[in-house]
Amino acid sequence: MDVTTRVPPQPGDTRVPLDGGGLTLPALIRLAEGAAVPVVDPGALERVRRAHGTADRLAATGRWYGRGTGVGAHRSVAVDPAEETAHGLRLLRSHAGGAGPLLPARTVRAMLAIRANQLLAGGSGIHPSFVTALTDALRLGVHPAVNEYGGVGTGDLTALAQTGLTLLGERPWLTPEDAPGSPAAVPGGGVLSEERPPAGAGALGAVGALGVGAVGAGAEQATLAAADLTGTVDGAHVGEARPRGVGAGVGAGTGDGDLAAGGLPAPVTLRAGDALALLSSNALALAQAALAGHGTELLLRATHVVAALSLAAVSGSPEAYAAPVHALRPYPGPARAAAEVRRLLGLPDDPATGVGNGPPAADRRIQDPYGFRAFPQVHGAALDASAALRRIVETEINCPSENPVLTPEGHLYHHGGFFAAPLALALDGLNLALLKTAQLSAARLSALSRPDLTGLPAFLATGPAGSSGTMILEYTANSALAELRAGAAAPASAGHAVLSHGLEEAAGFAGQAARQTERARAAYATVLACELVSAVRALRLHPEPPALPALTLAAAVLPTGLEDRPLTGDIETATELLPRLAEL
């Protein structure tokens, strides 16, 4: 049994251990943002090395999908053993057909970290030099150019093919500073031939052109066009294909952990079986889900603060948040939402304690509108959906998903574990839950404008008769709410596709669901910011504003003017404040 040596994170530690089984969502975010560097566990890398040897032995005894055969509808087409490495190179090139805008560095870095950690689980049979190169890229702050469109939730084939060609030296490395159209992209570290690519290789050079809207005539296209992509098998490396002129120069290294000249990952040597082993993963969809899910988690925590301020602004009833109420229906999310509001407002767990158990006094509302009274139930469902997504992401980034997959006992299985239905469904569920809690945020925003609930002027206006105050915020919030509703109304996992001559007759669409979650997150931030602006204004207008840390923080940042004026700046400031509120 493999025993890995895990490096426990220390305060201020800039290292994130990768061992194929212990990567957490917060650690992944640190790698994606460049706030930490990966440290590969030696025991896990040795596991990859042993699995590679096992894969070579098994492949010699029978057909291995994608190595000794074609892929997709070509699954029964045999590949000559002497051609397996060249077949892998053709596989990478032919599948590097992504399109659309280039993805942000943060997203691609998350993908690299996930794929490296998955490979360290030891189920792919890939050569360990690929793991080293992926982690070198993270450590050196470079990433491949990856287009947005290409995956359908059954493996991010185009994104990982583009990554694979970058690791081989055929495509350029980018840095986080590379803006669309920037000439700052740097070649893959090998010596790029000055010959023009042959006609058959011209399509790869066109990958840069596919992203004209994103990269224009940038260096990616120029660098790709300059590479010689003939894929000649190097006679000095039996069974190992290298693009002629790539990875053969001074400082290019062996592709086994060395660095190329200029501080770039050395071009990796492609071996039989490496190509599909790299491609067989939903690493990009997982990266997008992890980033969108993490951002959503922050907003959901910030929502406790905003909703608490709104409850205070309308002098709302604490009964809906009482611990005994939520003990009767023991869902973790609603209980947590209620407890957070009680904590932030300094409310007792049971408001009936010490004041009798009778009904509320005649001068109090017997109950509040749903935006306040049903907040724990609705927002709690979003908390539960967010937790479910995190569980799935942290499972997927720590286990092998390759098809075929090697077990620790050395057996090979062909399977469908790459079908990302759990991820897509969790994302769609979160999108729906986020819509529901956003609807209550918009409802509380409307409530804050009502004199009968606040005892304050309509729309919190303090100017001459007819002043509008915060009236427009309802329009802005509902405009953003429409974006959430549009995405939730068409769950990505409801999509359908029949591909590769009908052999692949369904798809998970996890990447599409993740992009919907990111759009929903951004829209929800606007809705919540509008509520925050109104809640703070209402509390400022109270004769005796409550002494709440959340109000102190928000009031110190948000503009103080109560006259009719443009509120765009207030919304932007409030949006930027939300992550800070999430930490209260």
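As the structure is a computational prediction, the values presented were derived from the model and not from experiment.

Procedures and definitions
- Residues numbered from 1 in each chain as written.
- Predicted model: local features only at pLDDT ≥ 70, side-chain atom pairs only at ≥ 80, totals over all residues.
- Heavy atoms only, no water.
- Helix = DSSP H or I, 4+ residues; strand = E, 2+ residues; numbered from the N terminus.
- Contact = heavy atoms within 4.5 Å.
- Salt bridge = Lys/Arg side-chain N within 4 Å of Asp/Glu carboxyl O.
- Buried < 20%, exposed > 50% of the residue type's maximum accessible area, 1.4 Å probe, protein only.
- Core = buried A, V, L, I, M, F, W, Y, C linked by side-chain atoms within 4.5 Å.
- pLDDT = per-residue confidence, 0-100.
- Phe/Tyr/Trp six-rings, centres within 6.5 Å; stacked < 30°, edge-to-face > 60°.
- Lys NZ or Arg CZ within 6 Å of the ring centre and 35° of its normal.
- Axes fitted to C-alpha atoms, helices over the stretch in contact; angles between N-to-C directions.
- Parallel < 35°, antiparallel > 145°, perpendicular 65-115°, else oblique.
- Left-handed = near helix turned anticlockwise from the far one by under 90°.
- Nonpolar A, V, L, I, M, F, W, Y, C, P; charged D, E, K, R; others polar.

**Points about the side chain of threonine 69**
Logical step 1: Tracing the sequence through the fold places threonine 69 in the loop between α2 (42-59) and α3 (84-95).
Logical step 2: Setting aside its immediate chain neighbours within four residues, threonine 69 contacts Arg63, Trp64, His74, Arg75, Val77, Val79 and His87.

**A word on the pattern of salt bridges**
Logical step 1: Counted according to the given criterion, the structure contains 20 salt bridges.
Logical step 2: Note that arginine 521 is salt-bridged to glutamate 518, the shortest N-O span being 2.8 Å. In this pair, arginine 521 and glutamate 518 both sit in helix α19 (residues 510-541), three residues apart, roughly one turn of the helix.
Logical step 3: You can call glutamate 518 partly exposed: its relative accessible area is 31%.
Logical step 4: A salt bridge links arginine 565 to aspartate 570; the shortest N-O distance between them is 2.7 Å.

**Focus: the nonpolar core**
Logical step 1: Counting residues in hydrophobic clusters, the biggest one holds 145 residues, and the most contacted among them are Met111, Leu309, Leu423, Leu484 and Leu532.
Logical step 2: The leading source of residues in this core is helix α11 (residues 283-313), at 19 residues.
Logical step 3: Those residues in contact with leucine 532 that sit more than four places away from it in its chain are Val306, Leu309, Ala554, Leu558, Ala574, Leu577, Leu578 and Leu581.
Logical step 4: Counting residues in each nonpolar core, the second largest holds five residues, with Ala51, Ala55, Ala59 and Leu406 among its members.

**With respect to the confidence of the model for the protein**
Logical step 1: Overall, the prediction assigns the protein a mean pLDDT of 83, with 81% of residues at 70 or greater.
Logical step 2: Scored below 50 in pLDDT, residues 1-9 makes 14 contacts in the model with residues more than four places away or belonging to other chains.
Logical step 3: This model gives residues 179-185 a pLDDT under 50, and the stretch forms 16 contacts once residues within four places in sequence are excluded.

**Comments concerning the packing of aromatic side chains**
Logical step 1: As enumerated under the stated definition, the model contains zero aromatic pairs in all.
Logical step 2: Note that arginine 67 overlies the ring of tryptophan 64, its terminal NZ or CZ placed 5.8 Å from the centroid.

**As for helix α1 (residues 25-32)**
Logical step 1: For α1, the buried fraction is high: six of the eight residues fall into the buried class.
Logical step 2: Where α1 is concerned, the buried positions are Leu25, Ala27, Leu28, Ile29, Leu31 and Ala32.
Logical step 3: Those residues of α1 hidden inside the fold are in contact with β1 (15-18), β2 (37-40), α4 (105-120), α11 and α15 (375-396).
Logical step 4: Backbone geometry just downstream of α1 places glycine 34 in the positive-phi region, at approximately 75°.

**Focus on the packing of helix α16 (residues 421-447) against α19**
The description of two packed helices rests on the angle between their axes and on the distance between the axes.
Logical step 1: Where α16 contacts α19, the two axes come as close as 9 Å, and the packing angle between them is 15°. By the angle between their axes, α16 is roughly parallel relative to α19. Seen along the crossing, α16 lies across α19 with a hand that is left-handed.
Logical step 2: Considered class by class, the residues forming the contact of α16 with α19 number 16 nonpolar, six polar and four charged.

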